[in-house]
Amino acid sequence: MSLDKSPGRIINMRELKAKLRAFLTRNNHDWSEKQLDDLVEELRFCHADLEKSEQNLQERIKELTCLYQLFRLTGQVNLPLDELMQQVVNLIPPAWQYPEITCARLIFDAKTYHTHKFEESAWSQAVDIWVDGQQKGTLEVFYLEKEPETDEGPFLKEERSLLDAIGAQLSAYFERRQAEDRIRIKEEKLRITLQSIGDAVIATDVNGLVVRMNPVAEQLTGWKLTEAKGRPLDEVFRIENAETGLPAENPVAKVLATGQIVGLANHTKRTSKNGKEYQISDSGSPIVDDGGKISGVVLVFRDVTEEYQLHQALRESETGFRLMFENNPQPMWIYDLETLAFLKVNQAALSHYGYSEAEFYKMTIKDIRPEADLDRLNENLQQEGQIMERSGQWRHLKKDGSLIDVEISSHSVVYNKRPARHVLILDVTDRVGMERRIRESEQVLRENEERFRAIVEGAPDPIFIQSQMNFAYLNPAACRFFRINSRDELIGKPVMERFHPEYHAKIKTRIARLNAGQPVEELFEQRFIRMDGTEVWGETAGDPIVYEGIASALVFVRDISQRKASEQALRESEARWQFALEGAGDGIWDWNLQSDEIFFSDQWKRMLGYEPDEVPNEFMEWQTRVHPDDLDQALKDVQKHIDGETEVYLNEHRLRGKDGSYRWVLDRGKIISHDEQGKPLRFVGIHSDITERKEAEHRLQITQFGIDHAQVGIYQVEEDGTITYANHYAAKTLGYSMEELLGKSLFDIAPPFDPESFHQHRLATKAKGSNTIISRHKRKDGTEFPVEVTVNYFQYKDQTLSFSFVKDITERQRAEEALKESEANYRMLVENQTDIVVKVDLEGRFLFVSPSYCKMFGKTEDELIGKTFMPLVHPDDQEQTAEAMKSLFYPPHRAFMEQRALTQQGWVWLAWSDTAVINDEGKVSAIIGVGRDITERKLAETDLRELKEQLEVQVDEKTKELRERIQELQRFHDATIEREFRIKELRDEIAALKGKRL
């Protein structure tokens, strides 16, 4: 509070003392100097208390003025919301103790209102605005300069009470406003409903006087609301019995007397004001207030004159309908829509179907349908409630079991007060049979014509007709096959001239069979001679036909030249890739999908510890060895690729080895051939042993768990920057309690961000999924420190989550930058490295070297072939290399080793996976090695050991520091307990003394 320091309020102690002395002297009071000084001091304290009370009173007046003005604002009905909110914000500064440095901000429904020259600061207080149990906004007050600490920072407890009162008043205002809006909407809906409802509505008060009518009621009564309002209902709504003409009891009086809903009796009519009569149906209901007391009656009625007349006409027409139904020459019946039972059957139906009337009434319409038609009948029945008239063709069963085709038409009726359907049946069996025979004949003719046109003229494969050993017809594909421009170039020419002489004897035998009328279905591969003299491979088959009255042959040819070349290339390539894959330690499988036979390579079997002759080439050998937990998904992935749903087959699963243990394999495969209909024929793939990789992944998961629980700050931040989760380390680092930190905005702890830059950062991070930045965080005491923030986005079900991992990098920033540079260099080396492959004989002489090996060692293939590899190995590693390679001569004939080798870059660490090549005699004939440069890994292992040692030192230091703090806290705890015991003893002594005094 500001103190009133005007000159008129300052007391001069010397003058006051002189005046008191003069006063006492005049009144003959002899006071000592000390007594006089004590009196002056007491008066000074009283004066100070009086000034403070006056100042407090001024503050309370300011607060009451603020509340009064707020009540006035919220009481104005037509004041726009934006104007109201801005005026509320402007009320804040004058009501606080330092108006000149006070600013305020109100956030409501994502809109912001603030005072002039608004700024955020560290000195603030806030209150949430709740509406119907939901937080809809926040009102905040800030001091722009630091002031002395009082009750709540620099703020008074009275100011907190005032802020809470403003928040409560705004909450009440918005709840009242929403309630009024709901009432207005409800009243408007009620008015619209009442005006648009098709029935007439009259409302009365508890005395039976009319208070409301809708337009339909005005029309039926002949009274306008302005005329009827306030009049007794009996005067406006007169009703009588339509048959006797006597007045009927008014339902309103009965409702008021009983408190129950009351309806009119049948045959009730009313006469309107203009004399027009209406048959009506109505009901009356009590209007009950919140206290359960009847406050009026609602009467709802409608004009049923037309319905009444229709009902009368319906009774008159029933007799005519009955005569028409019973004497109709066509079968007719009525069935129940719910039970489907026959309710009524005419004489024609009895005669036509052979059942008696009693038999019909024990049946349903399903009993006269063949079983094959029941599904269609059920579907039809589900639609009948929506369609008034239907016609269609069906099959019915007679009593003698014969089937007839019928056409029916039907419509909905009510029979004996039950929903039913009236059906008329027309027997069309003869007509349907004739139509069916005509359609079948026409279809056969069309199919023959279309088949010839599609197969012969449009076929992609060559087709020709041989008649009397000459060409009689060639399709366009055959012309292209023989490389002629027109079929006339071969028509009438001998067919044998186009067959390679090597096959003439076989072809003449096949032609003789065809000309004798015997089909030749077996495929025959042969070479043809084109018109230009070139040869082409073809696969032929033939059918005997009669062409222009002569026994001939229709010959089908398929060009298989490309397939023949592909088969040769495939045989050559299979040998190469089998050598390469098995040399790399991968197993091969080849599955014939037609015969279900599968080939497993020797390496596939050795991978599981088996000898080649120990595992049959059967699909079940793989299936029974797959781990039960992996089998279902593996089979699904296989089937998906066979069905064409995936481009390649890919699956990771465990296979049981000969020793009973499981090894992880990466199974990859692809369909490499299909038949003419696109059906898969051959499925080839490889098995790679990934057990070591899986074990590494498991170790990585454990490492990841440790990282997740490391001493780093972890936050979850919403789209608007609100912090919805933070771990204890995060709160501790910032100096907040968990309760204080949760709900704060990111902008409170991260000064570099504002809403716009934060929005752009989130968009960029979402696009990448993860982002790491260097930023600054601000503690509760206002100090800032550098941090590394890693933001990750995760998709959980239908929700996108954002988590930030924050590390204090004050002491490690420079070292971390250097580490990032080192990691980037290491990543570049790893991503660009290439495995090397060699094959050596039993003496260690190179038989094959890959280009990557030549590149690494700076030598050509000619320089290496025939030379031994051992001179390239570091002298210190040669002995252990030779020792490791001895295991190649024993199952499973594999060896792993690490060694240094002299490359063109100097000594390089290499990791080798060697596999023995076993000849037909079961002996090792050569060795295939796959190597990888692990120099960087070796260096990294050294760095990791050093880093581990450093971390262990840091952990020991931190542990020691924590123990010292725990000991210090224990000493403080012990001292506190001792002090509490002492205070209790003193209190007991005081209580005892008071008891003695009493």
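The coordinates are above.
Small disclaimer: the values here were computed from a predicted structure and weren't measured.

When helices and strands are tallied, the protein chain shows 29 helices and 36 strands. Long-range pairs, those at least 24 residues apart, make up 45% of the contacts in the protein chain with a sequence separation of at least 6. About 61300 Å² of surface is accessible on the protein chain, with carbon and sulfur atoms providing 53% of the total.

Turning our attention to a nonpolar patch on the surface. On the surface, Leu842, Phe889 and Tyr890 cluster together to form a nonpolar patch covering roughly 330 Å² of accessible area. Locating Phe889 in the fold gives a position in the loop between α28 (875-885) and β34 (894-903). Given a relative accessible area of 40%, Phe889 falls into the partly exposed group.

Further remarks concern helix α15 (residues 504-515). End to end, α15 covers 16 Å across twelve residues, agreeing with the expected 16 Å (1.5 Å per residue, within 8%). Listed in full, the buried residues belonging to α15 are Ile507, Arg510, Ile511 and Leu514. The arc that holds every buried residue of α15, seen down its axis, measures 100°, which confines them to one face. Lining the buried residues of α15 we find β17 (463-467), β19 (520-529), β20 (535-547) and β21 (550-559). The positive-phi residue at the C-terminal boundary of α15 is Gly517, with phi of around 90°.

Further remarks concern helix α12 (residues 374-383). Every buried residue of α12 is listed here: Leu377, Asn380 and Leu381. In an axial view of α12, the angular spread of the buried residues amounts to 100°, which keeps them on one side of the axis. For α12, the exposed residues set more than 90 degrees away from the buried face come down to Asp375 and Gln382.

This brings us to the side chain of Ser850. Along the chain, the position of Ser850 falls in the loop between β33 (846-849) and α26 (851-857). Classification of Ser850 as buried rests on a relative accessible area of 7%. Ser850 has contacts with Ile836 and Val837, leaving out every residue within four places of it along the chain.

Next up on the list: a negative patch on the surface. Negative charge collects at one region of the surface, where Asp943, Glu946, Glu949, Glu952, Asp956 and Glu957 lie side by side. Relative to the assigned elements, Glu949 resides in helix α29 (residues 935-997).

This part covers the side chain of Asp405. Among the secondary structure elements, Asp405 is positioned in strand β15 (residues 403-415). Taking the relative accessible area as the measure of exposure, Asp405 reaches 11% and is therefore buried. In contact with Asp405, not counting residues within four places along its chain, are Trp394, Arg395, Leu426, Asp427, Val428, Thr429, Val432 and Arg436.

Moving on to the environment of Ile280. Looking at where Ile280 falls in the secondary structure, it is placed in strand β10 (residues 277-288). On the accessibility criterion, Ile280 (5% relative accessible area) is buried.

The subject of this paragraph is the nonpolar core. Counting residues in each nonpolar core, the largest one holds 32 residues, and the members touching the most others are Ile92, Trp96, Leu106, Leu139, Ile166, Leu170 and Phe174. Contributing elements (two or more residues each) for this core: α2 (33-74), α3 (81-95), β1 (102-108), β3 (123-131), β4 (134-143) and α4 (157-196). Of all the elements, α3 adds the most residues to this core, at seven residues.

With that out of the way, let us pick up the sheet that holds β19. Sheet architecture is open: five strands sit in the order β18-β17-β21-β20-β19, paired in antiparallel fashion. Only two strands of the sheet have a single neighbouring strand rather than two, namely β18 (470-474) and β19. Recorded for the sheet is a direction-independent mean angle of 35° between the axes of neighbouring strands. Docked against the sheet, α15 engages β17, β19, β20 and β21, running at close to 135° with respect to β19.

With that out of the way, let us pick up the pattern of salt bridges. A side chain of one charge can pair with a side chain of the opposite charge when the charged atoms of the two come close. A complete count under the given rule lists 38 salt bridges for this structure. In this structure, Glu883 engages Lys886 in a salt bridge whose closest nitrogen and oxygen atoms are separated by 3.2 Å. Through salt bridges that share partners, Arg105, Glu120 and Glu140 make up one connected network.

Let us now look at unusual backbone geometry. The omega torsion of the bond from Pro891 to Pro892 falls at 5°, within 30 degrees of zero and hence cis. Of note in this structure, Arg483 is not a glycine but carries a positive phi near 60°. Unusually for a residue other than glycine, His893 sits at a positive phi of about 60°. Take His893: it is sitting in the loop between α28 and β34. Assessed through its relative accessible area of 8%, His893 is described here as buried.

Turning our eyes to something else, we now look at the layout of surface pockets. Put simply, the second largest pocket is a space of about 1800 Å³. What lines the second largest pocket is a set of 48 residues, among which Arg105, Glu140, Lys744, Ser745 and Asp748 lie closest to the centre. Elements supplying a minimum of two residues to the lining of the second largest pocket: β1, β3, β4, α22 (738-741), α23 (746-749) and α24 (755-768). When the residues that make up the lining of the second largest pocket are grouped by side-chain class, the tally is 16 nonpolar, 13 polar and 19 charged.

Turning our eyes to something else, we now look at the sheet that holds strand β24 (residues 649-656). Strand order across the open sheet formed by five strands is β23-β22-β26-β25-β24, with antiparallel pairing between neighbours. Each end of this open sheet is capped by a strand with a single partner; those strands are β23 (597-600) and β24. Across the sheet, the axes of successive neighbouring strands diverge by a mean angle of 25°, strand direction being ignored. Relative to β23, strand β22 (residues 587-592) runs antiparallel, the two being bridged by four bridges. What sits directly across from Trp589, in β23, is Phe600. The strands touched by helix α19 (residues 628-642) are β22, β24, β25 (662-674) and β26 (680-689); relative to β24, the strand with the most contacts, the crossing angle is about 150°.

Attention shifts here to the pairing of strand β2 (residues 111-114). In terms of strand pairing, β1 meets β2 through four bridges, oriented antiparallel. What sits directly across from Ile107, in β2, is Thr112. Hairpin connection of β1 to β2: two residues between the antiparallel strands, including Asp109 at a positive phi of 50°.

All right, on to the packing of aromatic side chains then. The relative placement of two aromatic rings is captured by the distance of their centres and the angle of their planes. Per the stated rule, a full pass over the model turns up 31 aromatic pairs. Ring geometry for Phe108 versus Phe174: centroids 4.0 Å apart, planes at 15°, classification stacked. Separated by 66 residues along the polypeptide, Phe108 in strand β1 and Phe174 in helix α4 bring together distant segments of the chain. The two residues Phe108 and Phe174 agree in class, both being buried. When the centroid spacing of 4.3 Å and the interplanar angle of 25° are considered together, the rings of Tyr853 and Phe857 count as stacked. Here Phe857 and Tyr853 lie together in helix α26, a separation of four residues that amounts to about one turn. For the pair shown, Tyr853 and Phe857 are each scored as buried. Linked through ring pairs, Phe464, Phe471, Phe481, Phe482, Phe499 and Phe528 together constitute an aromatic cluster. Positioned over the ring face of Trp394 is Arg369, at 4.8 Å from the centre of the ring. In this structure, Lys694 packs its charged tip against the face of Trp664, placed 4.4 Å from the ring centre.

Calculation rules
- Residues numbered from 1 in each chain as written.
- Predicted model: local features only at pLDDT ≥ 70, side-chain atom pairs only at ≥ 80, totals over all residues.
- Heavy atoms only, no water.
- Helix = DSSP H or I, 4+ residues; strand = E, 2+ residues; numbered from the N terminus.
- Contact = heavy atoms within 4.5 Å.
- Areas by Shrake-Rupley, 256 points an atom, 1.4 Å probe, with all protein chains shown as cover.
- Patch = residues over 30% accessible without salt bridge, like charges linked within 9 Å, V, L, I, M, F, W, Y side chains within 5 Å.
- Salt bridge = Lys/Arg side-chain N within 4 Å of Asp/Glu carboxyl O.
- Buried < 20%, exposed > 50% of the residue type's maximum accessible area, 1.4 Å probe, protein only.
- Expected span 1.5 Å × (residues − 1).
- Arc of directions from axis to C-beta.
- Lys, Arg positive; Asp, Glu negative; His and termini not counted.
- Charge placed at Lys NZ, Arg CZ, Asp CG, Glu CD.
- Core = buried A, V, L, I, M, F, W, Y, C linked by side-chain atoms within 4.5 Å.
- Pairing = 2+ DSSP bridges.
- Axes fitted to C-alpha atoms, helices over the stretch in contact; angles between N-to-C directions.
- 1 Å grid on protein atoms, 1.4 Å probe; cavity = no way out; pocket = protein on both sides within 12 Å on 5 of 7 lines; lining within 4 Å.
- Points joined across faces, edges and corners; volume = space filled by probe spheres on them.
- Nonpolar A, V, L, I, M, F, W, Y, C, P; charged D, E, K, R; others polar.
- Phe/Tyr/Trp six-rings, centres within 6.5 Å; stacked < 30°, edge-to-face > 60°.
- Lys NZ or Arg CZ within 6 Å of the ring centre and 35° of its normal.

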